[in-house]
Amino acid sequence: MKALALTSFDAPPRVIEVPEPVAGPGEVLVRVQAASVNAFDVGVAGGFMKEYMPYEFPAVIGNDVAGTIESAGEGVEGFSAGDRVFGMMGSKGAIHDGSFADLANPQAGSIAAAPGALSDADAGSLAVAGSTAMSAVEAVDPSEGARVLIVGATGGVGTFAIQLASLRGARVIASTRAGDEEFVMGLGATETVDYSGDVAAEIRDRYPDGIDAVIDAVNRDHDAFASLAGIVREGGRATSVVGGAGEGSEIGGVSVSNAGGNPAHLMALADLVVQGKLRVAIRRTYALADAAKALQDFANEHTLGKLLITMT
């Protein structure tokens, strides 16, 4: 089959012929229709994950997945051939199986049935970023009227987080660059802050008594995250979707945490999309043959929303 894959750490990923995957125990074999690009995929493509898990070449890239089941592996219940599904590949212990391919073998516990009204494009863009955003919003648990700063608001996680926080009645402050204000306001943000300046200082000037919460989708550095937590009022919450909170649970009277993707959120996300309450902000679509370009664009361009790869 065709797949975007790495063959070594010395060459960039490219679309090549690789052996078809099989549905192992607890897995399903999916004919992929669509999959979107996430920051993790760029890290995989650059070889940056080798410090955390082994690569088995050819290493197929891609984590989001949407398509139709062709077969189910041993021990899989609740799914059968012909079912439309979406989700993520799941944790496999090595970088080898991926979704930027004609076929993929995600773990059954990491996918969900796709409602008939959920398009392949939306389904393929929803799982990783959407479930991470839902985890983050749940972590800060905003009440009606709470002021929530979202750093990285124009990316995949951020675009979902704006909407999910707004659905709870939060007043979202979205970090943007000049010119992106209309985009984030259209998703539900109530105000913006220019990330080219000192975001923490600007928010402190606006709200000397502190805001209620921060969702940070940018800063892996703990000190940078702690600086943002410092603008949250005592008793408020701050969460990072890129590990910036470290191992601690509190910074200066502010509860802190790390949030990540969770397959348990998939059906709730799909229902919100079908109901028209959540929009998947797909910015650009690529054919599988151009999947390497999609990764390059994600890494090198200022992208609003999601970049989607379609297999048909």
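Scroll up for the structure.
Residues numbered from 1 in each chain as written. Predicted model: local features only at pLDDT ≥ 70, side-chain atom pairs only at ≥ 80, totals over all residues. Heavy atoms only, no water.

## Looking at the overall build of the chain
Step number 1: Looking only at helices and strands, the chain has 8 helices and 17 strands in total.
Step number 2: Radius of gyration (C-alpha) of the chain: 19 Å, near the 20 Å computed for a compact globule of 312 residues.
Step number 3: The buried share among the 312 residues of the chain stands at 52%.
Step number 4: If you take every contact in the chain between residues at least 6 apart in sequence, the share linking residues at least 24 apart comes to 67%.
Step number 5: When the accessible surface of the chain is split by element, carbon and sulfur atoms take 47% of a total near 13,100 Å².
Step number 6: Seen as two clouds, the 21 positive and the 39 negative side-chain charges of the chain have centres 5 Å apart. (Helix = DSSP H or I, 4+ residues; strand = E, 2+ residues; numbered from the N terminus. Rg over C-alpha atoms; globule rule 2.2 N^0.38 Å. Buried < 20%, exposed > 50% of the residue type's maximum accessible area, 1.4 Å probe, protein only. Contact = heavy atoms within 4.5 Å. Areas by Shrake-Rupley, 256 points an atom, 1.4 Å probe, with all protein chains shown as cover. Lys, Arg positive; Asp, Glu negative; His and termini not counted. Charge placed at Lys NZ, Arg CZ, Asp CG, Glu CD.)

## What about the side chain of Asp-64?
Step number 1: Within the element layout of this structure, Asp-64 appears in strand E5 (residues 64-72).
Step number 2: No salt bridge is formed by the buried Asp-64; the nearest opposite charge belongs to Lys-306, separated by 4.0 Å.
Step number 3: Of the polar contacts made by the side chain of Asp-64, one reaches the side chain of Asn-38; its length is 2.9 Å.
Step number 4: Those residues in contact with Asp-64, other than ones at most four positions away along the chain, are Ala-35, Ser-36, Asn-38, Gly-87, Ser-99, Gly-124, Ser-125, Ala-127, Val-128 and Lys-306. (Salt bridge = Lys/Arg side-chain N within 4 Å of Asp/Glu carboxyl O. Polar contact = N/O pair within 3.5 Å; in protein donor to acceptor, adjacent residues only side chain to side chain.)

## Examining the nonpolar core
Step number 1: Among the nonpolar cores identified, the biggest contains 46 residues, and Phe-86, Leu-126, Ile-150, Ile-162, Leu-164 and Leu-278 are the most heavily contacted of them.
Step number 2: It is helix H2 (residues 120-140) that contributes the most residues to this core, 10 residues altogether.
Step number 3: If you look at the next biggest cluster of nonpolar residues, it comprises 33 residues, including Val-30, Val-44, Ala-59 and Val-65. (Core = buried A, V, L, I, M, F, W, Y, C linked by side-chain atoms within 4.5 Å.)

## With respect to the sheet that holds strand E12 (residues 211-216)
Step number 1: Strand order in this open sheet of 7 strands is E11-E10-E9-E12-E13-E15-E14, and the pairing throughout is mixed. Where the open sheet ends on each side, the last strands, each with one partner, are strand E11 (191-194) and strand E14 (250-251).
Step number 2: Pairing of strand E9 (residues 147-151) with strand E10 (residues 171-176), which is carried by 4 bridges, proceeds in the parallel orientation. Looking at E10, one finds that Leu-149 is bridged to Ile-173.
Step number 3: Across the sheet, helix H3 (residues 156-167) touches E9 and E10, and the angle it forms with E10 is around 165°.
Step number 4: Its contacts with the sheet place helix H6 (residues 222-229) against E9, E12, strand E13 (232-240), E14 and strand E15 (254-258), and it is angled at close to 145° to E13. (Pairing = 2+ DSSP bridges. Axes fitted to C-alpha atoms, helices over the stretch in contact; angles between N-to-C directions.)

## Some points on the pairing of E9
Step number 1: Where burial is concerned, most of E9 is hidden: 4 out of the 5 residues are buried.
Step number 2: Since E9 and E10 lie parallel, the crossover through H3 that links them has a hand, and here it is right-handed. (Right-handed = clockwise from strand over helix to strand, strands pointing away.)

## Here we look at helix H7 (residues 266-274)
Step number 1: Every buried residue of H7 is listed here: Leu-266, Leu-269, Ala-270, Leu-272 and Val-273. In a view along the axis of H7, the buried residues occupy a sector of 160°, so they form one face of it.
Step number 2: On its buried side, H7 packs onto strand E6 (84-88), strand E8 (111-113), H2 and H3.
Step number 3: Taken from the residues just after H7, Gly-276 is the one with a positive phi, measuring 80°. (Arc of directions from axis to C-beta.)

## Quick word on the environment of Glu-191
Step number 1: Structurally, Glu-191 is set in strand E11.
Step number 2: Classification of Glu-191 as buried rests on a relative accessible area of 16%.

## Things to note about the sheet that holds strand E1 (residues 2-6)
Step number 1: What the 3 strands build is an open sheet, ordered E2-E1-E4; its pairing is antiparallel. Every other strand in the sheet has two partners, leaving strand E2 (14-17) and strand E4 (59-60) as the edge strands with one partner each.

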